[in-house]
Amino acid sequence: AEVWHVKGLDASIQQPGRTGMGFTKYPKIPLSTKDMPDLPAGAEWIVTEKLHGANFSVACDADGKVEFAKRSGPLPLEEDFYSFRSQRLDRRLQEPARRVRALAVRCGLAASGDIVCVFGELVGGHYPHPDVNPVPGLQPVQRGVWYSPDLRFIGFDLAVTPHHQPPRYTDFDAAASCCEAAGFLFAAVLARGTLPHCLESPIRFSSRLPARLGLPSLEDDNLAEGVVVRTAREGLPLRTLLKRKIDEFGETRYSSPNWAAAKSGGARAASGPHDLLRYEAMARVTESRFEAVESKTGRLDAADKVACRKVLEDLKEDVRLALVEDGVALSEAALAEALSQELCDELDRACRGLIGSVVGRRARQERSARGV
C-alpha cells in the first residue's frame, strides 16, 4: 500500500484544463510515489469504496450555470458521455448542482463568486438480477462490478474554485453533508481512524452500493474494485490519498512464473535489460488498463477510426507513464532512450490486439443480447 500526495494544483501532476467554468482535471491516483514527506501526526483517516466507473464532475458558477465534465475535459452539449444526456441524468443533476453551491456559500465553504464542483464516479447501466428490469438500450459504464440498471452519479469530493485561482478541496465530512443535503449520492465511509487502522480495513468485499440503492443482492460476490484511504481533513499542505485494488482489477499482470527470479537477477536476468523492459511493458497491456483509459473519453465506437486511433495512442502513453510511475524507468527521458523501435512496434501491436479483442467481444455480447 502506498500513499499519494497531491501538491495543490501542480500542473505536472494534475494537468488542469481551463474553460470559462474553470474546469480542473481530477488527478489520477497512481499506485506509488517517490520522496513522500512525513505523514501528519494524529491525522484522522477514512476508507471509502473505490467505484468502478468513469470519472465525472458537475460544476455550478455564481450565475447558476451548470457544466458537466469527464476526466479529460468539459462535455459539450452534443456529447452523450455513456448516455448521460439521453438518460436525462444531466437534467436530474441540474438542481442538486445549484443547491450544493448555495449550501456551500451559506455554510462558509465558498464565497459568493466561487465555482463549486462535485467530483465523483459515473456508474451503472446494467444489473443482472431476475427481479430487476433492465433499461432498454443502455450499456454499462464498466463491467466487472454491477451497481444499478440505470446510470448513477456518486460524489466523492467537493472543490471550490475562486476566480482565477486553483481549487481547494473541502473536508470530507463537510463535503458529504453538503452534497447529500443538496440531493447528491456521496461516497459512504467504511472505516475511520488512524492510518494503520484504516490500512487494516479489508479490500475484498461485495460492493456496498447496490444495497444503498435498495437493490437485491446478486448470486455471485459482485466484488468491489477496492478502497480509497484518505485523510478526513483537507487543511494539510498536501492532499493525501491511497488507493488499494483487488488483483482482479489490477492494471499490471505478470504471466510468467519465472518473473520473480528475473526481478532478483535469476533465471531470465541473463537475457538483459531490454528483455526485462519488454516483459514489464507487456505486463501493463491489460484489459483493466484499457478500460481505465477508455473511461476518460467514453465508450469506444469501433466504426470511429479517429476515436480508435486516439484510444490506441492514449493506451500506449498510459503504459509508458506506468513504467515510470512504477519505478521500472527512472524518468520519461530515460524510458524514451531505452525503448527500441522494435519494442515500440511490439507495444503498438499488443495494444491494437487488446483493443480489437475487447471491442470484438463486446460486439458479440451485444448481438447475443439482441438475439441476433
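Residues numbered from 1 in each chain as written. Predicted model: local features only at pLDDT ≥ 70, side-chain atom pairs only at ≥ 80, totals over all residues. Heavy atoms only, no water.

**Student:** Before we move on, could you go through the pairing of strand S4 (residues 66-70) and cite the residues and values that matter?
**Tutor:** For S4, a buried count of five out of five residues is recorded, marking the element as mostly surrounded by other parts of the structure. The two faces of S4 match: Val66, Phe68 and Lys70 on one face and Glu67 and Ala69 on the other face are all buried. Summarising the sheet, strand S3 (residues 54-60) and S4 pair through five bridges and their orientation is antiparallel. What sits directly across from Ser57, in S4, is Ala69. Direction of pairing for S4 relative to strand S5 (residues 73-74): antiparallel, over a ladder of two bridges. Each residue of the ladder has a partner; that of Lys70, found in S5, is Gly73. The turn linking S4 back onto S5 is made up of two residues. (Buried < 20%, exposed > 50% of the residue type's maximum accessible area, 1.4 Å probe, protein only. Helix = DSSP H or I, 4+ residues; strand = E, 2+ residues; numbered from the N terminus. Pairing = 2+ DSSP bridges.)

**Student:** Provide a residue-level description of the packing of aromatic side chains, including the pertinent values.
**Tutor:** A complete count under the given rule lists 13 aromatic pairs for this structure. Ring centres of Tyr254 and Tyr279 lie 6.3 Å apart, and the angle between their planes is 10°; on these two criteria the pair is classed as stacked. On the criterion of sequence distance, the pair formed by Tyr254 in the loop between strand S12 (239-245) and helix H6 (259-263) and Tyr279 in helix H7 (residues 273-283) is long-range, its members being 25 residues apart. Among the aromatic residues, ring-to-ring pairing joins Phe56, Phe68, Phe81, Tyr82, Phe84, Phe153 and Phe184 into one connected group. (Phe/Tyr/Trp six-rings, centres within 6.5 Å; stacked < 30°, edge-to-face > 60°.)

**Student:** Break down the environment of Cys198 for me, citing the residues and quoting the values.
**Tutor:** Mapped onto the secondary structure, Cys198 falls in helix H4 (residues 195-199). Taking the C-alpha atoms as reference points, Cys198 and Thr48, separated by 150 residues in sequence, lie 10.0 Å from one another. Cys198 has contacts with Trp45, Ile46, Val47, Ala191, Arg192, Gly193 and Val229, leaving out every residue within four places of it along the chain. (Contact = heavy atoms within 4.5 Å.)

**Student:** Which residues make up the environment of Phe56, and what are the values?
**Tutor:** In this fold, Phe56 is placed in strand S3. Each C-alpha atom of the pair Phe56 and Ile154 lies 9.0 Å from the other, and the pair is 98 residues apart in sequence.

**Student:** Summarise the environment of Lys25; cite the residues concerned and give the values.
**Tutor:** Within the element layout of this structure, Lys25 appears in the loop between helix H1 (11-14) and strand S2 (45-50). For Lys25, a relative accessible area of 22% puts it in the partly exposed group.

**Student:** Account for the nonpolar core, naming residues and giving values.
**Tutor:** Grouped burial of nonpolar side chains is what soluble globular proteins tend to show. Counting 47 residues, the largest nonpolar core has Phe56, Phe84, Val100 and Phe184 as the members making the most contacts within it. Elements that contribute at least two residues to this core include exactly S3, S4, helix H2 (89-106), strand S6 (115-126), strand S7 (148-161) and helix H3 (172-182). The contacts of Phe56, once residues within four sequence positions are left out, are Phe68, Ala69, Leu75, Phe81, Phe84, Leu93, Val118, Phe119, Gly120, Leu122 and Phe153. Formed by 23 residues, the second largest nonpolar core is a distinct cluster that contains Ala281, Val311, Leu343 and Ile355. (Core = buried A, V, L, I, M, F, W, Y, C linked by side-chain atoms within 4.5 Å.)

**Student:** Hey, could you go over the state of the cysteines for me, with residue numbers and the actual values?
**Tutor:** Overall, the coordinates contain zero disulfides when judged by the stated rule. Of all cysteine sulfurs, the one in Cys178 lies closest to Cys107, which takes part in no disulfide; the gap is 5.4 Å. Cys179 carries a free sulfur, and the closest cysteine sulfur to it, the one in Cys178, is 5.9 Å from it. (Disulfide = S-S within 2.5 Å.)

**Student:** If you had to explain the pattern of salt bridges to someone new, which residues and values would you point to?
**Tutor:** With the rule as written, the count across this model stands at 28 salt bridges. Where Asp326 meets Arg284, a salt bridge forms, and the shortest distance between an N and an O atom there is 3.2 Å. You can see Asp326 sitting in the loop between helix H9 (305-325) and helix H10 (332-338) and its partner Arg284 sitting in the loop between H7 and helix H8 (287-294), a full 42 residues away along the chain. Given the relative accessible area of 32%, Asp326 is considered partly exposed. What makes Arg284 buried here is its relative accessible area of 3%. For Asp318, the salt bridge identified is with Arg289, shortest N-O distance 2.7 Å. One end of the pair, Asp318, is in helix H9; the other, Arg289, is in helix H8, and 29 residues separate them in sequence. Both residues of the pair, Asp318 and Arg289, count as buried. (Salt bridge = Lys/Arg side-chain N within 4 Å of Asp/Glu carboxyl O.)

**Student:** Which residues make up empty space enclosed by the protein, and what values do they have?
**Tutor:** Applying the stated criterion across every chain, the model contains four cavities of 30 Å³ or more. Empty space within the largest cavity amounts to approximately 590 Å³. Where the lining of the largest cavity is concerned, the elements lending two or more residues are S2, S7, strand S11 (226-231), S12 and H8. The dominant element in the lining of the largest cavity, judged by the number of residues it contributes, is H8, at four residues. Looking at the lining of the largest cavity, its residues break down into twelve nonpolar, eight polar and 13 charged. (1 Å grid on protein atoms, 1.4 Å probe; cavity = no way out; pocket = protein on both sides within 12 Å on 5 of 7 lines; lining within 4 Å. Points joined across faces, edges and corners; volume = space filled by probe spheres on them. Nonpolar A, V, L, I, M, F, W, Y, C, P; charged D, E, K, R; others polar.)

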